[in-house]
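Report on the structure
Residues per chain are reported as follows:
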Amino acid sequence: MEIRDTEKVCIFAPLSPKLDRYESSRILNKISKESRDIALDLRFVQDCTIDFIETLRKIALTKNIGIFNIPSDIFVLFNVMQIDKTVRLFVCEPDFEEDTRQLINRKFSIV
């Protein structure tokens, strides 16, 4: 796992192509020790399990977390499971750092 520190933010980049229970527990252990805002860079990730999604929900209860560089398959899964309601999703790192252009799933319906 690659960790990049700045003054306000700590960015974690998992290097594993699949985020399973083991990788999720490693991420949770690292993030729980941080007091700054947290970001996950998913550029190397190709697949994730339900354990990772449940870990994200657990982390989001206590920490301010953002995710960027999300692969399209995982992004669809995040939208279906409504992860965007608890975790801030961004396209790229500059968007996260500037806290602009957040990805939000709006569920419009015709009345």
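Now for a quick tour of the structure. (Residues numbered from 1 in each chain as written. Predicted model: local features only at pLDDT ≥ 70, side-chain atom pairs only at ≥ 80, totals over all residues. Heavy atoms only, no water.)

A word on the overall build of the protein
Counted only if it meets this: Helix and strand labels come from DSSP, where a helix needs a run of H or I of at least four residues and a strand needs a run of E of at least two; each type is numbered from the N terminus. The buried label goes to any residue with under 20% of its type's maximum accessible area, the exposed label to any with over 50%, and the partly exposed label to all in between, with areas taken from a 1.4 Å probe on protein chains only. Throughout, the Shrake-Rupley method with a 1.4 Å probe supplies accessible areas, and for residues the shown protein chains are the sole cover considered. Only four residue types enter the tally: Lys and Arg on the positive side, Asp and Glu on the negative side; His and the chain ends are excluded. Lysine's charge is taken at NZ, arginine's at CZ, aspartate's at CG and glutamate's at CD.
The helix and strand tally for the protein stands at four helices and seven strands. Its helices and strands taken in sequence order, the protein reads β-β-β-α-β-β-α-β-α-β-α from the N to the C terminus. Its C-alpha atoms give the protein principal-axis dimensions of roughly 45 × 30 × 25 Å. Counting over 111 residues, the protein shows a buried share of 39%. In the form shown here, the protein has an accessible surface area of approximately 6700 Å², with 52% of it arising from carbon and sulfur atoms. Within the protein, one finds 17 positive and 18 negative side-chain charges whose respective centroids are separated by 4 Å.

Digging into the nonpolar core
Inside soluble globular proteins, nonpolar side chains tend to come together where they are buried. This is how the line gets drawn: Definition of nonpolar core: a set of buried residues of the types Ala, Val, Leu, Ile, Met, Phe, Trp, Tyr and Cys, connected through side-chain atoms within 4.5 Å. Two residues form a contact once any of their heavy atoms are found within 4.5 Å.
With 23 residues, the main nonpolar core has L40, L42, F52, I65, I67 and F78 as its most contacted residues. For this core, the secondary-structure elements that each account for two or more residues are β2 (9–13), α1 (21–32), β4 (37–41), α2 (50–62), β6 (65–68) and α3 (72–80). Residues contacting I65, with those up to four places away along its chain left out, are I31, I38, L40, L56, I59, A60, V87 and R88. V9, F68, F90 and F96 belong to the second largest nonpolar core, which has six residues in total.

With respect to the state of the cysteines
Which entries qualify depends on this criterion: Pairs of cysteine sulfur atoms within 2.5 Å are what we label disulfides.
Inspection of the entire model under this criterion finds zero disulfides. C10 carries a free sulfur, and the closest cysteine sulfur to it, the one in C92, is 19 Å from it. By relative accessible area, C10 is classed as buried at 0%.

Here's the deal with the side chain of T55
Within the secondary structure layout, T55 lies in helix α2. Apart from the residues within four sequence positions on either side, T55 is in contact with S24 and L28.

Bear in mind that shape data such as this cannot, by itself, settle questions of function.
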